[in-house]
Amino acid sequence: MPFDVYLNVAVGGVLTGLVYGLMALGLSVIFGVVRVVNFAHGEMMSIAMYLAVVLFAAFHLDPLIMMVPIAAVLFVFGYALQSGLINPFITRPEHSQFLLLVALAIVIVNVLLIIFGPDARTVQTAYAYDSYQLGPLIVDAAKVYAATAALLFAALLFAFFRFTLVGKAIRACADNYTGALVVGLNVNRLYALTFGIGAACVGAAGAMMTLIVDVTPMLGPSYTLLAFVIVITGGLGSMPGALLGGLLIGLTEALAGLIFTPSAKSMFAFAILVLVLLFRPQGLLGRKAA
Amino acid sequence: MTRIGKLPNRRHLLAGAAATAASLAAPAIGRAQGAPLKVGVLLPRSGFEAGIGQDCQRGVDIAPAILKSLGLPDLTIMNGDTESNVDAAREHAEKLIGDGAQLLIGAFDSGQTTAIAQVAEQKGIPLIINIGAAPEITEQGYKFVFRNFPTAPMLLGSAFANQLELFGIVGATPKTVVYMHVNDTFGTAMSKGISIVMPKFNMPYKIVDEIAYDPAARDLSVEVAKAKAANADALLVVSRLNDAMLITRELVKQRWTPQAIMSMGPGWYEDQYLKTLGKLSDGPISFDPFQDPNKKLSKVLEAALAKAYPGINLSTNHVYTFEALLVAADAYKRAGSADPKALVDAIRTTNITDNVSIGPGIQFNAKGQNDKLKEGTIQNRGGKLVTLAPKDAANAKPEWPMTPYQSRA
Amino acid sequence: MAALIERLTDDGSRRTMIWAAVLVAALVIAPWVVNDYLVTVLIVILYLAYTGQAWNIMMGFAGQLSLGHAIYVGLGAYIAAFLFTRFGVGPWVGFLAAMPVAAACGAIIGFLAFRFGVTGVYFAILTIAFAEFARIGFDHLDIVNAAAGLFLPVAQYSHNDLWRLRGDPTMFYYVILAATVVVFILCRVLIRSRIGYFWLAIREDEEAARAAGVDTFRCKLYAVMISAAITSFAGVFYAFFYNNLFPEQVFNISQSIQIILGPIIGGVGTLFGPILGAFVLTGLAESLNSALTALGLDLPGAEQVFYGVCLLFVVAALPEGIWPWLARRLGIAERAG
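Residues numbered from 1 in each chain as written. Chains lettered and ligands numbered in written order. Predicted model: local features only at pLDDT ≥ 70, side-chain atom pairs only at ≥ 80, totals over all residues.

## Topic: the overall build of chain A
- In terms of helices and strands, chain A carries 11 helices and two strands.
- Across chain A, helices and strands are ordered from the amino to the carboxyl terminus as α-α-α-α-β-β-α-α-α-α-α-α-α.
- Relative to its length of 290 residues, chain A is compact, with a C-alpha radius of gyration of 19 Å against a globular reference of 19 Å.
- Based on the C-alpha atoms only, the size of chain A along its principal axes is roughly 60 × 45 × 35 Å.
- When the 290 residues of chain A are sorted by exposure, 60% land in the buried category. (Helix = DSSP H or I, 4+ residues; strand = E, 2+ residues; numbered from the N terminus. Rg over C-alpha atoms; globule rule 2.2 N^0.38 Å. Buried ≥ 20, exposed ≤ 12 C-beta atoms within 10 Å, placed from the backbone.)

## Observations concerning helix α12 (residues 316–335) of chain B
Residues and elements named next belong to chain B.
- Taking 1.5 Å of rise per residue, 20 residues should cover 28 Å, and α12 covers 28 Å from first to last C-alpha, within 8% of that figure.
- Across the 20 residues of α12, 18 count as buried, placing the element largely inside the fold.
- Two residues or fewer past α12, Gly336 is found with a positive phi of approximately 75°. (Expected span 1.5 Å × (residues − 1).)

## Observations regarding unusual backbone geometry
- For the peptide bond that leads from Gly106 of chain B to Ala107 of chain B, omega is -10°, which places it in the cis range.
- With respect to the helices and strands, Ala107 of chain B occurs in the loop between β3 (103–106) and α5 (110–123).
- In this structure, Glu83 of chain B takes a positive phi of about 55° despite not being glycine.
- Examined against the element boundaries, Glu83 of chain B turns out to sit in the loop between β2 (75–81) and α4 (86–98).
- You will see that Asn145 of chain C, though not glycine, has its phi angle at about 75°, which is positive.
- Relative to the helices and strands, Asn145 of chain C is located in the loop between α6 (120–139) and β1 (150–151).
- For Asn145 of chain C, a count of 22 C-beta atoms within 10 Å corresponds to the buried category.

## Quick notes on the sheet that holds strand β1 (residues 37–43) of chain B
Residue and element names in this part refer to chain B.
- On the basis of which strands lie adjacent, the open sheet formed by five strands has the order β2-β1-β3-β4-β5 and parallel pairing. Two strands lie at the open edges of the sheet, namely β2 and β5 (145–147), each paired on one side alone. Averaged over all adjacent pairs, the angle separating strand axes in this sheet is 25°, with direction ignored.
- Pairing of β1 with β2 involves seven bridges; the strand directions are parallel. Within the sheet, the bridge partner assigned to Leu42 lies in β2 and is Gly80. (Pairing = 2+ DSSP bridges. Axes fitted to C-alpha atoms, helices over the stretch in contact; angles between N-to-C directions.)

## Describing the sheet that holds strand β9 (residues 261–263) of chain B
Residues and elements named next belong to chain B.
- Ordered in space as β7-β6-β8-β9-β10-β11-β12, the seven strands form an open sheet in which the pairing is mixed. The open sheet has two free edges, formed respectively by β7 (206–213) and β12 (384–389), since each of these has just one partner strand. Sheet twist, expressed as the average angle between the axes of neighbouring strands with direction ignored, equals 25°.
- With respect to the sheet, helix α6 (residues 152–170) is in contact with β9, β10 (285–288), β11 (376–381) and β12, its orientation differing from that of β12 by roughly 85°. (Contact = placed C-beta atoms within 7 Å.)

## Quick notes on the packing of helix α5 (residues 91–115) of chain C against helix α10 (residues 216–242) of chain C
Residues and elements named next belong to chain C.
- Two elements in contact, α5 and α10, have axes whose closest approach is 7 Å; the angle formed by their N-to-C orientations is 145°. The two elements α5 and α10 meet at a crossing, and its hand is right-handed.
- Class assignment of the residues belonging to the contact of α5 with α10 gives a composition of 20 nonpolar, seven polar and one charged. (Left-handed = near helix turned anticlockwise from the far one by under 90°. Nonpolar A, V, L, I, M, F, W, Y, C, P; charged D, E, K, R; others polar.)

## Thoughts on the packing of helix α3 (residues 63–86) of chain A against helix α8 (residues 187–209) of chain A
Residue and element names in this part refer to chain A.
- Between α3 and α8, the shortest axis-to-axis distance is 6 Å and the interhelical angle comes to 150°. Two packed elements cross with a definite hand, and for α3 against α8 that hand is right-handed.
- A class-by-class count of the residues in the contact of α3 with α8 yields 24 nonpolar, eight polar and no charged.

## What to know about the interface of chain A and chain B
- Every contact between the two is made by 29 residues of chain A and, on the other side, 27 residues of chain B.
- Counting only elements with at least two residues in the side of chain A that touches chain B, the list comes to α1 (3–34), α4 (94–116), β2 (137–140) and α10 (239–259) of chain A.
- If one sorts the elements of the side of chain A that touches chain B by residue count, α1 of chain A sits on top with five residues.
- Along the lines of polarity and charge, the residues of the side of chain A that touches chain B split into 16 nonpolar, 10 polar and three charged.

## With respect to the environment of Phe198 of chain C
Residue and element names in this part refer to chain C.
- Along the chain, the position of Phe198 falls in helix α8 (residues 194–204).
- The buried category is assigned to Phe198, around which 23 C-beta atoms lie within 10 Å.
- When the C-alpha atoms of Phe198 and Ala291 are compared, they prove to be 47 Å apart, with 93 residues separating the residues in sequence.
- When neighbours within four sequence positions are excluded, Phe198 is seen to be in contact with Val214 and Cys219.

As structure tokens, then:
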């Protein structure tokens, strides 16, 4: 196969991977700090995607602009979810937590099914079919915009965690729960805040994802799994790790699909997951945590 | 999520007892000509196949009035939801029979249909398959199962024959073809069939690459890139609705318009495809079991559908679901009774020439399969579907090659 | 024989035994009393009880959360079906062939996980990965017809062939009922055996168990292998009852989730939990269905929503599962673990 095919596919994989990375970032924040196994992660993203679809249909606002309000809505949702429902479960055994979120995921998927029906919905922006041509390279325009927005959002997030007081407080909670309590941080509120932030990431990622894929209610579960694969590969609690993981998985899937048979390309993501779990469980960029 | 079964409760037990008592006490009532036939219709109304199930349901909704106008007896439709999975399909089949269904129709998905077929066979209740292409279902020796829909090998044979006819009309043939297919039950069955069926037809083209993709794929950019890299003249495809839209979008974005897109499955002719893609939906040619637009009953069905569901084009799902009901009503009329054996014998001798689908009509061979069905060659044009072949069903001339995507406004 | 019964029933209060006996008796006469639809329903319930109990060995006894149990079901199903369609080998022999394969698969997963220290949620995700791997793998395995599905020659219903598992649903009902009872007894035996105590120790505190000299690695591995082997029978049953297999359905993650719901609702680590859980879940589904039909509503997906909500409630309010709560109410003391 000619080289430019590989190049095109690789570029496409990287761009999509960045958006995956943003989604996984949300999970990394949630899992890394609050230690909740958010098995409703992909479902939360599908809520965001449907919001984008509905708002676009009603107001014709571009999802890239809608990214902000949608992230805000998801933030509120995440905050409420954590303080209201999930908080009591932090000390419960893991399978309890997990089941709580599985139940939530089931509810979300089917409520979406009832409201929106099973057909795929799409956002038809003006640039939905555009592509840029640079020599042999043909790049999907929508992917470029989505990936750029994802990077911007991630950068904002990094800045937040690094430079603001609240961000540092949250990181303190993640590093040392008891220490944070001792120092007087309102851990419950910070947890809720963190979950909200993670949800906001997912919201933004969802808004951008509508530019790349169509929404169906059944999309949630597969994205949840993908998010976990990326987060574990990249490293739990490491934000650059989530982005890197997303990039890596996006790229691998794309190239694997090209070289081998596309219908088996998910196997590679799982193979990577297994290898990471066995040989470097802290992930590529994670710290060897307790 | 797969569904779990139900706990017995008094209501069910009483209902069961009442039904038994009723049927024991008054056997004559069931056989009276006047009583409507109880038909259980099993479709995936929820779960991942819900969209298709709901589309088939439209064919069910408009049927009673039409059947009545044809002088056929009334049917009482009992709706069942297979929930897109095998356990639920089986359970609901049992439930409908327990509730008095005298005949079953369903179920689009081959796996679910097989489960229902086993129940039907065991209970001695006839099953008329509306849609379902897995060849095995009519090869397993069932006596109560009938299928008025082509099997995968039939679909392929008809498709290849129609392609040859199309090339004749157009005066051009693609020399190389890249074949993309969805890696699910239907797609795989079709692929397996190709290696067996295609050599019998002496097709003028060669398949240079075969690309299978995951039915749950969110993004087909890699697959289309691979297809484009094969440098073939035309694209041969077996896909579903969502993939058809995804593939088309990628074709536009990656700037490749094949000479022709030849689809041997669903998706490319469906309403959502036409509506969502607008001008970009023109051109693909589908070889599918379809209505014969020149038949009288087709026109009646089309009008009824337009009235009940404006904006929806008549297509495969509606046609074959309607025809299953047509067979049921017709058999009931000829049998004169709802006794299952009588119904089965009547169905076996079905011979309806005034039907909707393309071909000489509805009849069943010894295995319960209608092996005379033909496919149509249809093309998307301006948001509607035109029939290119077979000759007696045609109502338009083909557009070949496809207008390049980049030059469409 | 008397000693065996003594061993099984000692420490179980008379009330428990009476309740259990009543339940089994009711289930045995059920097909004569209820209609065919309900028999099918009961088959599904018992199937879930069986697989839930098998899963419980790994989770409830040894504390390893497996979210990919469908892989063992799938392996059992495909191996038995393959042997039957290709070589005419009956399902019971097929099970004997499938069991070691499933156990080996479990051993591999267990070995990889435990040797490399993969526990908790990570272990769960590892099991999901393996199940998905198997699903996609079988989707491409031409020898069993890949995604097009493996069809068994259809059952004839004129007479019951227990050797080939061809026949009436009632026959299948008794097979799965017997299997469930056998698994139940097996679990009870296991729990009272040496390895059962080791498992309990590992579940409560693995470090301490290791310090006390328990070979945790071996014990956990055995738990996984036994659980896997037992689960594979469910696959064999599935193949011969439904007569067709699609990798997409058999290895699907929703199957894995369905397997665990019963035990978690009913009570992880308890003996009656999985069985109770299977019944309760279907009871929930049933009440909603009746309510919806009574209201004349047709909302596809509504049942699942309600189901999820009820699940939420049970998890939030009765975290140990329903059985411990019920047992207290009924005055049946069940030993911890």
